[in-house]
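This is what each chain is made of:
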Amino acid sequence: EAGVTQFPSHSVIEKGQTVTLRCDPISGHDNLYWYRRVMGKEIKFLLHFVKESKQDESGMPNNRFLAERTGGTYSTLKVQPAELEDSGVYFCASSRARVSGELFFGEGSRLTVL
Amino acid sequence: AQRVTQPEKLLSVFKGAPVELKCNYSYSGSPELFWYVQYSRQRLQLLLRHISRESIKGFTADLNKGETSFHLKKPFAQEEDSAMYYCALSGLGGSNYKLTFGKGTLLTVNP
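This text gives an overview of the structure that appears in the document. Values in this document were obtained by computation on a predicted structure and should not be read as measured data.

1. A closer look at the overall build of chain B
Secondary structure assignment for chain B yields zero helices and eleven strands. Starting at the N terminus and ending at the C terminus, chain B contains elements arranged as β-β-β-β-β-β-β-β-β-β-β. For a compact globule of 111 residues, the expected C-alpha radius of gyration is about 13 Å, and chain B comes in at 14 Å, within 12% of that figure. Dimensions along the principal axes, computed over C-alpha positions, put chain B at roughly 45 × 30 × 25 Å. For chain B, with 111 residues in total, the buried portion stands at 44%. Approximately 5700 Å² of chain B is accessible, and the part contributed by carbon and sulfur atoms is 50%. Considering chain B, the positive charge centre built from 14 side chains and the negative charge centre built from 9 side chains are found 7 Å apart.

2. Some words on the sheet that holds strand β3 (residues 19–21) of chain B
Residue and element names in this part refer to chain B. Ordered in space as β3-β8-β7, the three strands form an open sheet in which the pairing is antiparallel. Lying at the two open borders of the sheet, with one neighbouring strand each, are β3 and β7 (60–61). Summarising the sheet, β3 and strand β8 (residues 72–74) pair through three bridges and their orientation is antiparallel. Directly across from E20, in β8, lies its bridge partner K73.

3. Observations concerning the pattern of salt bridges
Evaluated as defined, the whole model comprises eleven salt bridges over all chains. A salt bridge links D24 of chain A to R22 of chain A; its shortest N-O distance comes to 2.8 Å. Residue class for D24 of chain A comes out partly exposed when judged on its relative accessible area of 26%. For R22 of chain A, a relative accessible area of 33% translates into the label partly exposed. Here E20 of chain B makes a salt bridge to K22 of chain B, at a shortest N to O gap of 3.2 Å. Its relative accessible area of 29% is what places E20 of chain B among the partly exposed residues. Among the charged side chains, a network of salt bridges with common partners joins E102 of chain A together with E32 and R49 of chain B.

What counts, and at which threshold
Residues numbered from 1 in each chain as written. Chains lettered and ligands numbered in written order. Predicted model: local features only at pLDDT ≥ 70, side-chain atom pairs only at ≥ 80, totals over all residues. Heavy atoms only, no water. Helix = DSSP H or I, 4+ residues; strand = E, 2+ residues; numbered from the N terminus. Rg over C-alpha atoms; globule rule 2.2 N^0.38 Å. Buried < 20%, exposed > 50% of the residue type's maximum accessible area, 1.4 Å probe, protein only. Areas by Shrake-Rupley, 256 points an atom, 1.4 Å probe, with all protein chains shown as cover. Lys, Arg positive; Asp, Glu negative; His and termini not counted. Charge placed at Lys NZ, Arg CZ, Asp CG, Glu CD. Pairing = 2+ DSSP bridges. Salt bridge = Lys/Arg side-chain N within 4 Å of Asp/Glu carboxyl O.

And the structure:
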């Protein structure tokens, strides 16, 4: 079974530019999550999709962040415009329904904003 | 508010020594507790969960509701246990599986 894949693995952009991160969950996993780890801080929840619907987006920092999951398959997380404090590692995870807490993580997308 | 505290940023032990990674939590309802591990150059993965009450790779963790703790223990550490360990919690049951993570403890097992 293929794992959760994320692209790109590393992105370096300048402040004010736009970046789009992509996540392909494990096939058949309805639940998809985005998390972020900023240097020195804990891994923090951003949002949760169930299929194509946003179940919980309480962790999204502000309206510069936009997540989509059209068709309930892959998801994108766009940051526009990027700020210095957005630098960090963005993790995507997926899980089957009804299995609380057992998330399968991708390798993460490292974002560096200069 | 829910919170997970891992007081040790770094922990270094020798091979064969016992190891205990501490985790304390704050949660108003009934939590479900987990330990996730990230080995070098690998992705974050679930190590164990309190409701399973199982031992994985020799590690065990007991939920102590009185002390609000979920410490991870292994009697004899191995070099391959060197990794970053994260304690995490979510609400028990329900449809929202949002995890709250601690900051992690980097365990180094020396030969």
